[in-house]
Amino acid sequence: FIIQHIAYANNKMSSLPFPIFVQNKPVDPDNKRAALAAVGQCRFYPATCSSPSDYAAFQAVCAKNKEQALVDTDTPETKDENKKLKKKYMKQGVAMASKYLRQTLKLDVSIISVQVVLEGSDVLETDGCLAACMLDAGCAAIVVDGLNVAALDAAKVPRERIVAHFSSEAAATSDAIKAALPFASCISVELSNNSSLEAVDTVLSLVTEKSDTVSFQLTTPADAEFVAQISKKASVGLVDPSAESLGSSCVACMKSSDRQDGLYATVVCTRTSEALGLEYSSKDSIIAALESGAGIYCSRSDGALCRKGDETSGGGTKAQTLHRLDLDFHGDALRFTVTQSSSAGADDDDETAWGKPTGIRHLEATLKDRLASAPEGSYTKRLFDDPDLLRDKLVEEAQELAEAEEFDDVAGELADVMYFALARTTKAGVRMEDGVAELDRRTRKVTRRKGDSKAFRIAAGNAILGKK
């Protein structure tokens, strides 16, 4: 297989090997590759990694961005009108790209750093619109041919979001790398079949800025130990790996466990980083988790695999969907980020190994309980049954928060807003984790709105407040 290294200066927590999808689908539970991207990052090739119909969805995104690029915003007579049209096409393109990433490829861009390989011709023909579109839709970076400086320049996005790839050591000359670095902060180089770690050092020496990174691609077969050797210098990715090869390489890159049984402590967290419990992982349990996309750990008592939600394995009643696993800075402990749900029908999804949560998670759980079965005279139930009242209270409390000045008053009004906002989201079936995921997706955007207030919204709010 091929080995690829991608390192980000702003993502130092995870140094685990990651998958690059060239011929295989990013999410493929039928072939025991349900959650390979859960190692924290991945790269994919749109033209070859999925079915023709899936690629057609990506081509539609390209077509929309070409349409956006052709809109004339220079002619004075049509400038204002065409600016609106260009913005309309931009929004449509981002919506299409987001659907392609999240629904077609089933990649959770809110928690996984996803890189998309773009053809230089597509970048040029869209005048960089496609690059911004894919980043606005949630991708962490775009990958472009390092020799196509025109395409790198046309991307018009921050260089920290561009990877310049060279297909051979011969192509990655000092001059070629120097020409690409003004546009890309990561240099990717494919090594020849007889390359060694010395060749890696040679390429690294050509990139002198500490904030810049280098990507290595090796076309010779490599075992987990060789991957671990490369990972001492840089992070490593595997092209079209199985869960077994990826999981084995991950463990090879970790420090040896200091436990006699060789297990690794694994902190299990929600997407809001609240600890649900402490488990233990082995190489086999990590492979099983990547295969299935579930919370699977290793029993300390007998070494058996323990799948959460499977009572026959002693896993308890709460099933876990695995979103991401991270290696700590010391390299000898893991964090699993999961969504927990009760497979036995009990309404205790919020419960941790230390009991019921407090604060905002407790409030969310209480509201969920009230929606299902509220006691007599419940004010929360009244809010659920009267959408106009809930809307009015949200507007009222938001105004009071905006006008509060003293510390205690601001804190109190914030608590009120949180209560009514969570009542609204609970009624709509939206969880706190869904809002957190949306915030994380927005951090990927490179296109920013002006953020001016909307007069019609202010007028509507004033009309509501005027009734009181």
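Quantities reported herein were computed from a predicted structural model and do not represent experimental measurements. (Residues numbered from 1 in each chain as written. Predicted model: local features only at pLDDT ≥ 70, side-chain atom pairs only at ≥ 80, totals over all residues. Heavy atoms only, no water.)

Some remarks on the packing of helix α1 (residues 52–69) against helix α4 (residues 129–136)
Here's step 1: Contact geometry of α1 with α4 gives a least axis separation of 9 Å together with a crossing angle of 125°. Relative to α4, the element α1 is oriented oblique. Remark: the crossing between α1 and α4 carries right-handed chirality. Contacts between α1 and α4 pair Phe58, Val61, Cys62, Asn65, Gln68 and Ala69 from the former with Cys129, Leu130, Cys133 and Met134 from the latter. (Axes fitted to C-alpha atoms, helices over the stretch in contact; angles between N-to-C directions. Helix = DSSP H or I, 4+ residues; strand = E, 2+ residues; numbered from the N terminus. Parallel < 35°, antiparallel > 145°, perpendicular 65-115°, else oblique. Left-handed = near helix turned anticlockwise from the far one by under 90°. Contact = heavy atoms within 4.5 Å.)

Things to note about a positive patch on the surface
Here's step 1: Taken together, Lys87, Lys91, Arg449, Lys454 and Arg457 make up a surface patch of like positive charges.
Here's step 2: For Lys454, the location among the structural elements is in the loop between α15 (432–442) and α16 (455–466).
Here's step 3: Assessed through its relative accessible area of 48%, Lys454 is described here as partly exposed. (Patch = residues over 30% accessible without salt bridge, like charges linked within 9 Å, V, L, I, M, F, W, Y side chains within 5 Å. Areas by Shrake-Rupley, 256 points an atom, 1.4 Å probe, with all protein chains shown as cover. Salt bridge = Lys/Arg side-chain N within 4 Å of Asp/Glu carboxyl O. Lys, Arg positive; Asp, Glu negative; His and termini not counted. Charge placed at Lys NZ, Arg CZ, Asp CG, Glu CD. Buried < 20%, exposed > 50% of the residue type's maximum accessible area, 1.4 Å probe, protein only.)

Side note on the side chain of Asp136
Here's step 1: Examined against the element boundaries, Asp136 turns out to sit in helix α4.
Here's step 2: Here Asp136 occupies a buried position and makes no salt bridge, while the nearest side chain of opposite charge, Lys445, is found at 5.3 Å.
Here's step 3: Of note is the side chain of Asp136, whose polar atom sits 2.6 Å from the side chain of Thr447.
Here's step 4: Excluding residues that lie within four positions of it along the chain, Asp136 makes contacts with Val94, Arg444, Lys445, Val446 and Thr447. (Polar contact = N/O pair within 3.5 Å; in protein donor to acceptor, adjacent residues only side chain to side chain.)

Things to note about the environment of Thr352
Here's step 1: One can find Thr352 in the loop between β15 (333–342) and α11 (359–372).
Here's step 2: Of the residues examined, Thr352 reaches a relative accessible area of 12% and is grouped as buried.
Here's step 3: The spacing of Thr352 and Cys269 is 83 residues in sequence and 9.4 Å in space, taken between C-alpha atoms.
Here's step 4: If near-sequence neighbours (up to four positions away) are discounted, Thr352 is found in contact with Glu274, Ala275, Leu276 and Arg361.
Here's step 5: Polar side-chain contacts of Thr352 include one of 3.0 Å to the backbone nitrogen of Trp354.

Here's the deal with the side chain of Ser110
Here's step 1: The residue Ser110 is located in the loop between α2 (79–104) and β4 (113–117) in this model.
Here's step 2: At 2.5 Å, the side chain of Ser110 and the side chain of Asp108 are in polar contact.
Here's step 3: Polar side-chain contacts of Ser110 include one of 2.4 Å to the side chain of Arg271.
Here's step 4: When residues no more than four places from it in sequence are discounted, the contact partners of Ser110 are Arg271, Ala437, Asp440 and Arg441.

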